[in-house]
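As a plain string of letters, each chain reads:
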Amino acid sequence: MDFELTDDQIELQQVVRDIAAKECPTTLVRAVVAGDDDAGALWRTYVGLDWPTLAVPEADGGTGLTFVELVILLEELGWVADPTPLVATTSQYTPLVREGADADQRATLLGAVCQGGTGAAAFAAADVRATPDGHGWRLAGTAHHVVDGDRADEVAVVAATDEGPATFVVPRAEVAATRLPAFDPTMHVADVSLDGALVPPERVLRQGGEEAIARARHEAVTGMAAVMVGASRRMLELVLAHVTDRHQFGVPIGSFQAVKHMAVDVHVAIERARALCHFAALVIAEGDDRRALAASMAKAAAGDCQRIAARHGVQLFGGLGYTW
């Protein structure tokens, strides 16, 4: 398998990197965290660039690129701590719809994404159950830790039925979503109560069965891992700038052996996690049978990477900014 990015992918990476750095500066992220900005203008910029439609098939109105290109985009959004619903919409909601919907359902639901709509996904078959009710389905239960569950236009919920899990697309206005405290204040994570929600037949996605849901979950896991890798890259870059500029005993603290070792540990963790994310993106894009294992490896490596990047980053900064 060729791990090298193509020229077009490298160009996409650079374009996304430049635009994200310009349109999503730290000042904007801080304003969103403080409640002074809702990132609406940034989202409209993304929509104008067709970023939410990157992995939506052309037949459904999207750009029609592969999951590899989406992972490239998500890594750069992690680098800027993107505060919009793009991650959940593109790597969680869209795959569930794309894999489980028929042509008419895709035209409606993915068409809305192409027009700037947002979505969230809840893989909640263990907590939410659907039962037939007239011509529709009645949901009961609460989906936990749903990314953007409190602000997305639509929530695609994987719920249990007597015939196995199925996906039900529910307008967020018809559910009770409660945003939860999160260590990362840019991240919207919510508990979504679905008790009593009635879903009509045209919003029940049953194509592909459990395999379709599994494929969507692999994309969701790998997409989040890519965001974490991008965030870790940013941490290391900030640290390297600091240890180069900060002087003690007349020399940059980055010249001290212990500091070098910590920085190298972070670099190695990032390279490992990034390679595994790209590997997962490739096997997912090609429908390789290793995609479940690859997605799990990417998730595990990204978690390890972000933990060491944060821990060493705080220490190498000498605790500066820690309380914020």
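Along each chain, the written sequence defines residue order, and numbers are assigned to residues from 1. Where local features are concerned, this predicted model is filtered to residues with pLDDT of at least 70; where side-chain atom pairs are given and counted, the filter is 80 or more; whole-chain, interface and lining totals use all residues. Calculation of side-chain values draws on the structure's entire complement of heavy atoms; hydrogens and water are dropped beforehand.

Visitor: Sorry if this is basic, but what is going on with the layout of surface pockets here?
Guide: A probe as big as a water molecule, rolled over the atoms, marks out the empty space that is left. For cavity detection a 1 Å grid was placed over the protein atoms alone, and a set of points counts as a cavity when a 1.4 Å probe fits there but cannot get out; an open set counts as a pocket when protein lies on both sides within 12 Å along at least five of seven lines, with lining residues being those that have an atom within 4 Å of a point. Grid points are joined across faces, edges and corners, and a volume is the space filled by probe spheres set on the points. Volume-wise, the second largest pocket comes out at about 590 Å³. Lining the second largest pocket are 24 residues, and of these Phe123, His145, Arg217, Ala220 and Val221 lie nearest its centre. Secondary structure is summarised from DSSP: a helix means a run of H or I of at least four residues, a strand means a run of E of at least two, and numbering begins at the N terminus for each. Of the residues forming the lining of the second largest pocket, the biggest block, 7 residues, is contributed by helix 7 (residues 209-245). Broken down by class, the residue content of the lining of the second largest pocket amounts to 16 nonpolar, 5 polar and 3 charged. For this scheme, ten residues count as nonpolar: Ala, Val, Leu, Ile, Met, Phe, Trp, Tyr, Cys and Pro. Four count as charged, namely Asp, Glu, Lys and Arg, and the remainder, Gly too, count as polar.

Visitor: Teacher, can you tell me more about the pattern of salt bridges here?
Guide: For side chains bearing opposite charge, pairing can occur when the charged atoms are close. By convention in these notes, a salt bridge is any Lys or Arg side-chain nitrogen within 4 Å of a carboxyl oxygen on Asp or Glu. Under the definition given, this model contains 18 salt bridges. For Arg206, the salt bridge goes to Glu163, with nearest N and O atoms at 3.3 Å. With Arg206 in the loop between strand 9 (204-205) and helix 7 and Glu163 in the loop between strand 4 (154-159) and strand 5 (166-171), the pair connects residues that are 43 residues apart, well separated along the chain. Under the relative-accessibility criterion, Glu163 is labelled exposed at 65%. In this structure, Glu211 and Arg291 form a salt bridge, with 2.3 Å as the shortest nitrogen-oxygen distance. Exposure is judged per residue with a 1.4 Å probe applied to protein chains only, and the accessible area is read against the type maximum: over 50% gives exposed, under 20% gives buried, and values in between give partly exposed.

Visitor: Is there a simple way to think about unusual backbone geometry in this case?
Guide: It is generally the case that most residues other than glycine have a negative phi and that most peptide bonds are trans. One non-glycine residue, Asp50, adopts positive backbone phi at about 65 degrees. Mapped onto the secondary structure, Asp50 falls in the loop between helix 3 (40-48) and helix 4 (67-79). Given the relative accessible area of 40%, Asp50 is considered partly exposed. Positive phi is not limited to glycine here, since Asp148 has a value of about 65 degrees. Locating Asp148 in the fold gives a position in the loop between strand 3 (136-147) and strand 4.

Visitor: Sorry if this is basic, but what is going on with the packing of helix 7 against helix 8 (residues 257-285) here?
Guide: The packing of two helices is summarised by the inter-axis angle and the distance between the axes. With their axes 9 Å apart at the nearest point, helix 7 and helix 8 run at an angle of 155 degrees to one another. Classified by the interaxial angle, the pair formed by helix 7 and helix 8 is roughly antiparallel. Both helix 7 and helix 8 take part in a crossing whose hand is left-handed. In contact with His218, Glu219, Thr222, Ala225, Ala226, Val229, Ser232, Arg233, Leu236, Leu240 and Val243 of helix 7, helix 8 contributes Val259, Ala263, Val266, His267, Ile270, Ala273, Arg274, Cys277, Ala280, Ala281 and Ile284. Residue classes in the contact of helix 7 with helix 8 are distributed as 15 nonpolar, 4 polar and 3 charged. Where helices are involved, their axes are fitted lines through C-alpha atoms of the stretch in contact, as for all axes, and angles between N-to-C directions lie from 0 to 180°. Each angle gets one of four labels, with under 35 degrees taken as roughly parallel, over 145 as roughly antiparallel, 65 to 115 as roughly perpendicular, and the rest as oblique. The handedness criterion is simple: a crossing whose near helix is rotated anticlockwise from the far helix by less than a right angle is left-handed, and one whose near helix is rotated clockwise is right-handed. The criterion used for residue contact is that any of the two residues' heavy atoms lie within 4.5 Å.

Visitor: How should I be thinking about helix 6 (residues 103-114) in this particular structure?
Guide: Count 3.6 residues to each turn of an α-helix, and residues three or four apart come out pointing the same way. The first and last C-alpha atoms of helix 6 sit 15 Å apart over 12 residues, in line with the 16 Å expected at 1.5 Å per residue. Among all positions of helix 6, only Gln105, Leu109, Leu110, Gly111, Val113 and Cys114 are buried. Here the buried face of helix 6 lies against helix 5 (86-100), strand 5 and strand 9. What qualifies as a polar contact is a pair of N or O atoms within 3.5 Å, subject to a donor-acceptor requirement within protein and to the restriction that residues adjacent in sequence count only when both atoms come from side chains. Near the N-terminus of helix 6, the side chain that reaches the backbone nitrogen of Asp104, with its oxygen 3.2 Å away, is that of Asp102. In the stretch just after helix 6, Gly116 is the one whose phi turns positive, near 105 degrees. Expected span of a helix, by definition, is 1.5 Å for each gap between consecutive residues, and there is one gap fewer than residues.

This is a description of form; function is not addressed.
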